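Here is what each chain is made of, one letter per residue.
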Amino acid sequence: MNATGYYTHPLFRKHEMGTGHPECPERLAAIDDRLLITGVLDALEQRDPTPASVAEIELAHGRMHIAALRGLSDFLREDISAGGPTHYHIDSDTAINTHSYQAALMSAGAAISATDAVIAGELENAFCAARPPGHHACRDKAMGFCFFNNVAIAAKYALERHGLERVAIVDIDVHHGNGTENIVAGDDRILMCSFYQHPFYPEGGSLSDAPNLLNVPVPAYTRGPAIRELIEQQWLPRLDAHQPQLIFISAGFDAHREDDMGQLGLVEQDYAWITQKLKEVAKRHAKGRIVSCLEGGYELSSLARSVEAHLRVLADV
Ligand SMILES: [Zn+2]
């Protein structure tokens, strides 16, 4: 079985954080349109996710964090019916509307559904065109457009519920996956590899020197060749040594040259190259199993083209 799954859901477009916010529903429309007109969608097995349960979210998050978000969502609904605001702000750039809590459960649920399917052997790999994204969400804190950490939840789920012994999380977003680091640091079953623009959001970059983390800061204006070199010299030997039985990708595409959210210089061919290298690692150690979850990527055209390049390699089309 070498099918590639494609998980998305209408709820992912109902969560929005206010007019003009870059992490917007249109991102998913741009991706879907691109995959449709290029014919790539035809090569994918489209699947519906099921929402994560609270117990599954608790694999990576504190009970109070989950309850607070649900409570906020309930209050907002009451406020709106009393003529109040349509959004609550959690921080200066992270807000909820009445759909956000359910969308966040579904976004984590997509990562879990994809994990179930690749471990069952129904799919070789899968991409979750899901939002809200997750990699800034810490154990007890929502931040940076993120509420629940989709990849960290799914990684813990693969270990705890499916009995895998080793997995990897590879983060290619321009921003450091501080939330993922916060949740997985010190868990030697999970190897986290990332590169990220530094200094940049979130302030401080990587804050842990736990041995299961390989987080490589790079300066603004770093381009594809330097990123490929660090992946070959640093990531690949560590990934091979770890022998992950499943690879999760925090698939942010805001390191693209055309994306003004960051100042790195990747292009579609770089995303294809990275995906190919990860696919080879997965073939060596993980029966090809990859679960890739959308994180950032805010320039709609480069986002859509980069997802297409990523999926062409995953699905071999
Ligand atoms: Zn990002």
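Refer to the preceding data block for the structure.
On a predicted model such as this, the values are computed, not experimentally measured, just so you know.

Rules of the game
Residues numbered from 1 in each chain as written. Predicted model: local features only at pLDDT ≥ 70, side-chain atom pairs only at ≥ 80, totals over all residues. Heavy atoms only, no water. Pairing = 2+ DSSP bridges. Helix = DSSP H or I, 4+ residues; strand = E, 2+ residues; numbered from the N terminus. Axes fitted to C-alpha atoms, helices over the stretch in contact; angles between N-to-C directions. Buried < 20%, exposed > 50% of the residue type's maximum accessible area, 1.4 Å probe, protein only. Polar contact = N/O pair within 3.5 Å; in protein donor to acceptor, adjacent residues only side chain to side chain. Contact = heavy atoms within 4.5 Å. Salt bridge = Lys/Arg side-chain N within 4 Å of Asp/Glu carboxyl O. Donors = N, O, S within 2.8 Å, 3.2 Å for Na, K, Ca; no water. Tetrahedral: all angles 85-135°; square planar, octahedral: opposite > 155°, others 65-115°. Phe/Tyr/Trp six-rings, centres within 6.5 Å; stacked < 30°, edge-to-face > 60°.

Trainee: I'd like to hear about the sheet that holds strand β8 (residues 213-218), residue by residue, with values.
Mentor: By definition, the strands of a sheet pair up through backbone hydrogen bonds, in either a parallel or an antiparallel sense. Read across the open sheet, the 8 strands follow the order β2-β1-β5-β10-β9-β6-β7-β8; overall the sheet is parallel. At either margin of the open sheet sits one strand with a lone partner, and together these are β2 (45-47) and β8. Strand-to-strand, the axes of this sheet are offset by a mean angle of 15°, without reference to chain direction. Across 5 bridges, the pairing between strand β9 (residues 247-251) and strand β10 (residues 290-294) is parallel. Bridge pairing in β10 links Ile247 to Ile290.

Trainee: How would you explain the pairing of strand β1 (residues 4-7) if you had to name every residue and give the values?
Mentor: For a regular strand, side-chain orientation follows a simple rule: the groups alternate between the two sheet faces. Burial along β1 is two-sided: the residues Thr4 and Tyr6 and Gly5 and Tyr7 are all buried. In this structure, β1 lies alongside β2, joined through 3 bridges in parallel fashion. Note on β2: the bridge partner recorded for Tyr7 is Arg47.

Trainee: Residues and numbers for the side chain of Asp187, please.
Mentor: On the secondary structure map, Asp187 appears in the loop between α7 (178-184) and β7 (190-197). Of the polar contacts made by the side chain of Asp187, one reaches the side chain of Arg189; its length is 2.9 Å. Excluding anything up to four places from it in sequence, Asp187 contacts Lys156, Leu159 and Asn212.

Trainee: I'd like a rundown of the pattern of salt bridges, residues and numbers included.
Mentor: Under the criterion given, the structure shown has 21 salt bridges. Of the charged contacts, one joins Asp74 and Arg77 as a salt bridge, the two residues approaching to 3.8 Å between their closest N and O atoms. Placement of the pair is Asp74 and Arg77 together in helix α4 (residues 63-81), with a separation of 3 residues, close to one helical turn. Asp74 sits in the partly exposed class, given a relative accessible area of 40%. Looking at Arg77, the relative accessible area reads 40%, which means it is partly exposed. By sharing partners, the salt bridges in this structure join Lys156, Glu160, Asp187 and Arg189 into a single network.

Trainee: Which residues make up the coordination of the zinc ion, and what values go with them?
Mentor: Distances from the zinc ion to its protein donors, Asp173 (OD), Asp173 (OD), His175 (ND1) and Asp254 (OD), fall at 2.0 to 2.8 Å. Here the zinc ion binds 4 donor atoms, and the angle range of 52 to 152° at the metal identifies the geometry as irregular. We note that the donor set of the zinc ion lies within a single chain, spaced as D-x1-H-x78-D. Placement of the pair is His175 in the loop between β6 (167-171) and α7 and Asp254 in the loop between β9 and α9 (268-285), with a sequence separation of 79 residues. A single burial state applies to His175 and to Asp254, both of which are buried.

Trainee: Which residues make up the packing of aromatic side chains, and what values go with them?
Mentor: Following the criterion strictly, the structure yields 5 aromatic pairs and no others. Plain terms: the ring middles of Tyr101 and Phe148 are 6.3 Å apart, the flat faces sit at 75° to each other, and that makes the pair edge-to-face. Highlighted residues: Tyr101 in helix α5 (residues 100-119) and Phe148 in the loop between β5 (125-128) and α6 (150-160), separated in sequence by 47 residues. Residue classification places Phe148 among the buried residues on the basis of a relative accessible area of 1%. When the ring of Phe253 is compared with that of Tyr271, the centres are 4.9 Å apart and the planes differ by 70°; the resulting orientation is edge-to-face.

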